[in-house]
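The residues making up each chain are set out below.
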Amino acid sequence: MNGVMRKLGKKSISVTDISAQYWCEKKMELEYIYGSSQTKAEKVGKKIHELLENKINIQVDLEPKSYADFVYKTLYTNYIGISELLKSKKTREVNIFGRIGGISLRGKIDQLHMKDGAIIILENKTKSKTEPPYAAQLLTHRVQVILYRKMLEDLRSEKYTIDMFRDDYWIKNLKLTKEFEQQISILNIPSNIREIDGISKNFFNIIKSLPKISNTLYIRYSNQFTEKLIKMYKLNYTDKEYDELMSYSLKYWNGLREALTVPENEQWKCKFCSFFGNKCKVWYTSNNVKI
Ligand code: SF4
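Residues numbered from 1 in each chain as written. Predicted model: local features only at pLDDT ≥ 70, side-chain atom pairs only at ≥ 80, totals over all residues. Heavy atoms only, no water.

Neighbouring the ligand are C24, K26, K27, T261, V262, C270, C273, F276, C280 and V282. Judged by the fraction of its atoms near the pocket grid, the ligand is located in the largest cavity. Of the residues forming the shell around the ligand, the biggest block, three residues, is contributed by helix α2 (residues 15–34). For the shell around the ligand, a count of residues per class yields seven nonpolar, one polar and two charged. (Near = heavy atom within 4 Å. 1 Å grid on protein atoms, 1.4 Å probe; cavity = no way out; pocket = protein on both sides within 12 Å on 5 of 7 lines; lining within 4 Å. Sits in = over half its atoms within 2 Å of the grid points. Helix = DSSP H or I, 4+ residues; strand = E, 2+ residues; numbered from the N terminus. Nonpolar A, V, L, I, M, F, W, Y, C, P; charged D, E, K, R; others polar.)

Another point: the pattern of salt bridges. This structure, assessed with the given rule, holds 23 salt bridges. Between R166 and D197 there is a salt bridge, and its shortest N-O distance comes to 3.0 Å. In this pair, R166 sits in helix α6 (residues 162–168) while D197 sits in helix α8 (residues 196–208), placing the two residues 31 residues apart along the sequence. Residue D197 is classed as partly exposed on the basis of its relative accessible area, which comes to 33%. A network of salt bridges, in which partner residues are shared, links R92, E93, K108 and D110. (Salt bridge = Lys/Arg side-chain N within 4 Å of Asp/Glu carboxyl O. Buried < 20%, exposed > 50% of the residue type's maximum accessible area, 1.4 Å probe, protein only.)

So, about the pairing of strand β5 (residues 213–223). Residues in a regular strand project their side chains so that they alternate between the two faces of the sheet. The buried count for β5 comes to eight of eleven residues, which makes it a mostly enclosed element. As paired elements, strand β4 (residues 118–127) and β5 share eight bridges and run parallel to each other. By the bridge assignment for β5, T126 is matched with S222. Relative to strand β6 (residues 229–236), β5 runs antiparallel, the two sharing seven bridges. The partner of Y218 across the bridge, within β6, is K234. Here β5 hands over to β6 after five residues, with E227 in that stretch at a positive phi of 65°. (Pairing = 2+ DSSP bridges.)

Here we come to the packing of aromatic side chains. Under the counting rule described, the total for this entry stands at 16 aromatic pairs. Pairing Y22 with Y248 gives two aromatic rings, centres 5.2 Å apart and planes at 50°, and the pair type is tilted. Placement of Y22 in helix α2 and of Y248 in helix α9 (residues 239–253) is noted, with a sequence separation of 226 residues between them. With relative accessibility at 30%, the residue Y248 sits in the partly exposed group. Between F165 and F204, the ring centres sit 5.5 Å apart and the planes meet at 55°, which makes this aromatic pair tilted. Here F165 is found in helix α6, whereas its partner F204 is found in helix α8, with 39 residues between them in sequence. Assessed through its relative accessible area of 2%, F165 is described here as buried. On the basis of relative accessible area, F204 is assigned to the buried category, the value being 6%. Feature note: the residues F97, F165, Y169, F203 and F204 constitute an aromatic cluster, connected by ring pairs. Geometry around Y237 places R149 over its ring, the cationic atom sitting 4.7 Å from the centre. (Phe/Tyr/Trp six-rings, centres within 6.5 Å; stacked < 30°, edge-to-face > 60°. Lys NZ or Arg CZ within 6 Å of the ring centre and 35° of its normal.)

All we've got here are geometric facts, nothing functional implied.
Below, the structure written as structure tokens:
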């Protein structure tokens, strides 16, 4: 584990960590050290996310009691989700795994659907206002979908393999709890996928069977109260952009630079930050300005 990961108490990075870096890297780091507080709008957004998930996905009635149970449920839910995508051409909330610069990376794709023989990635975002997002907001979400596209393709093309997954999530010696095994037998899950190894194999096999992943990525913004569409963005994935974005991110994660604060022309972001003036005084003191 490198120094930054140790400092933040992390064993893997999430896609949302990287997208948060593109808002303010320092804020992302401080949230790990001191904890974060969700704004009211973020809480409403999360609730809407859960409602959407329930609308489309099959609910898996399993209650994990340990890390091993949790890993099993994640893989089983994913397996059911991808099966649903192949059957009804639509699914939501698929967990994905990968690596960036040798560091384990995880994320959750909001929505997948199939169109003209290709898999389309779509991210749903909610806003309390009716205006489209600021460019800075859109950038963080752009980073998110670009990473999802790369990770899903790496799983499909076996650049990220089941053996890498076994190492990253220490699944070799994991054992399900007795209580969880009983829940699995009540659900009549086939015997070959009642253990972590069996369900891992099935998940990695079904991912491999997916058709090509489209380079067109979508981000949909809707109003969190009315659910009305604000704006749909259509982006084009390129490896070049992915490489540029990750080269910037990894300099921080590999400890080659300290966490950066926002530049002067983005001081307005500090107004929305709970660390402004206490844990982070970079713009508070140097300019002696209260924003
Ligand atoms: S106060 Fe501003 S620069 Fe400091 S962590 Fe918050 S957003 Fe970043």
